[in-house]
Amino acid sequence: MMDESLVNGLMERAKAGDQTVLRSAELKSLFEELKTKPTEERAAFGKAVNELKQELEEILLNHHPKTTTQKPIDITAPFDVNAKKPGLLPADQGSVHPLMKELEQVLQIYARMGFASAESRQLDDDWHMFESLNFPPDHPARDNTDTFEVEDGLLAPAHTSTMQNRIMSANKHLLDIGQPIAYVIPGRVFRNEDVDARHEHTFYQLEGIYVDKGINAGHLISVLQTFFEAYFGKKMEVRTQPFYFPFTEPSFEFAIACPFCDKAGCHVCGEGWLELLGCGMIHPNVLKMAGIDAEKYTGFAWGGGIERMVMVKNNIEDVRHFHSANLKFLRQFR
Ligand SMILES: [Zn+2]
């Protein structure tokens, strides 16, 4: 007859739900053994082996994995309420995102130039997005489809300028004691864009504000030029062209001479210049809405995308890499 311990072993495995038992070497060995049996025993042995196989199949068919009721977890609770320790990857398996690494460097340069920093909000209201920035009531940019709106009417900001009023209102006391308001404001912004290699629906901007007595456009250009020379580590020619923003008057587009080809024209710049941001003198209405005496004080503001600078600096061809979470891309910046 069949080896009893072998049969018991197979039965145990089937009862435990082990599907591999039907293909196991032990079961195969019984069929092998059948071939070696003398003719008179073969029929009985074959029947027994077949019955065993059927029994195993039946057990497996009726086997249902034990279900246990898990304690419900509170997804809003700190991790130690639900589990002892979260399964975190060791720090050496990760790296700082190239955008954050670059932003850190940008903020350090501005800090050396005397600028404090504050982060912008990722949800804001219509007033900070438009009215506080002197957008005329019928301005096309008021159309909320330019960005995203949540159900209770808050907006995902389309620019970091939403922070201008807050920063100026909160720091206007500095002007009374003879100090300037000097802030840079990095933040995530959102646009209803058709996404392609140069356009993303979510990206980072850096806003800058400077307010004091006797400030003019010359100060604006000099601050930006100083920044870009520090950032690219070389002397730099800059250029402004008239532009329009409701919250600055006059408004400019600010360009630097391409640091790679010195205006000769290359695949990065096209025709020798890189337009990196918009800027201008803060509109008197914007100062007034922040409670600042626009007769006494003037200021400038600027804003530009972080991605574009990082792309230019690192020769990155597609803005979509940044939010792709593609490790092959990210690990190039470790
Ligand atoms: Zn160039």
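Heads up: the structure comes first, above all this text.
Let me begin by describing the structure that accompanies this report. Since the model is a prediction, treat every value here as computed from it, not as a measurement. (Residues numbered from 1 in each chain as written. Predicted model: local features only at pLDDT ≥ 70, side-chain atom pairs only at ≥ 80, totals over all residues.)

### Observations concerning the overall build of the protein chain
Link 1 in the chain: Within the protein chain, the regular secondary structure consists of twelve helices and nine strands.
Link 2 in the chain: Expected size for 334 residues packed as a compact globule is a radius of gyration near 20 Å; at 34 Å, the protein chain overshoots this value by more than 25%.
Link 3 in the chain: In terms of principal-axis extent, the alpha carbons of the protein chain reach across some 115 × 50 × 35 Å.
Link 4 in the chain: Here the protein chain, with 334 residues, has 28% of them falling under the buried criterion.
Link 5 in the chain: Taking the intrachain contacts of the protein chain between residues at least 6 apart in sequence as the baseline, contacts between residues at least 24 apart amount to 65%. (Helix = DSSP H or I, 4+ residues; strand = E, 2+ residues; numbered from the N terminus. Rg over C-alpha atoms; globule rule 2.2 N^0.38 Å. Buried ≥ 20, exposed ≤ 12 C-beta atoms within 10 Å, placed from the backbone. Contact = placed C-beta atoms within 7 Å.)

### Some remarks on the nonpolar core
For soluble globular proteins, the rule of thumb is that nonpolar side chains tend to be buried together.
Link 1 in the chain: Core analysis: the biggest nonpolar cluster contains 53 residues, and Ile181, Tyr183, Ile209, Val211, Leu224, Cys279 and Phe300 have the highest contact counts within it.
Link 2 in the chain: It is strand β8 (residues 273-282) that contributes the most residues to this core, six residues altogether.
Link 3 in the chain: Not counting chain neighbours up to four residues away, the residues in contact with isoleucine 209 comprise Gln164, Ile167, Met168, Ile181, Tyr183, Gly299 and Ala301. (Core = buried A, V, L, I, M, F, W, Y, C linked by C-beta atoms within 7 Å.)

### Some points on unusual backbone geometry
Link 1 in the chain: Note that the residue after glutamate 249, namely proline 250, is joined by a cis bond; omega there is -5°.
Link 2 in the chain: In this structure, aspartate 262 is a non-glycine residue whose phi angle is positive, near 50°.
Link 3 in the chain: For aspartate 262, the position within the fold is in the loop between β7 (248-257) and β8.
Link 4 in the chain: A residue is classified by how many C-beta atoms lie within 10 Å of it, and aspartate 262, with 12 of them, is exposed.

### Here's the deal with the packing of helix α2 (residues 25-36) against helix α3 (residues 39-62)
Link 1 in the chain: Close contact between α2 and α3 brings their axes to 10 Å; oriented N to C, the two are set at 165°. Considering their axes alone, α2 and α3 lie roughly antiparallel with respect to each other. Here α2 and α3 pass one another in a crossing that is left-handed. Here α2 contributes Leu27, Leu30, Phe31 and Leu34 to the contact with α3, which in turn contributes Arg42, Phe45, Gly46, Val49 and Lys53.
Link 2 in the chain: Tallied by class, the residues present in the contact of α2 with α3 amount to six nonpolar, one polar and two charged. (Axes fitted to C-alpha atoms, helices over the stretch in contact; angles between N-to-C directions. Parallel < 35°, antiparallel > 145°, perpendicular 65-115°, else oblique. Left-handed = near helix turned anticlockwise from the far one by under 90°. Nonpolar A, V, L, I, M, F, W, Y, C, P; charged D, E, K, R; others polar.)

### Digging into the sheet that holds strand β9 (residues 298-305)
Link 1 in the chain: Pairing is mixed in the open sheet, where seven strands are placed in the order β1-β4-β5-β9-β8-β7-β6. Both outer strands of the open sheet, β1 (116-117) and β6 (238-245), are each paired with one neighbouring strand and no more.
Link 2 in the chain: Judged from the seven bridges that link them, β6 and β7 form a sheet pairing that is antiparallel. By the bridge assignment for β7, glutamine 241 is matched with glutamate 253.
Link 3 in the chain: Together, β4 (181-190), β5 (202-212) and β9 form the strand contacts of helix α7 (residues 164-171), whose direction differs from that of β4 by roughly 155°. (Pairing = 2+ DSSP bridges.)

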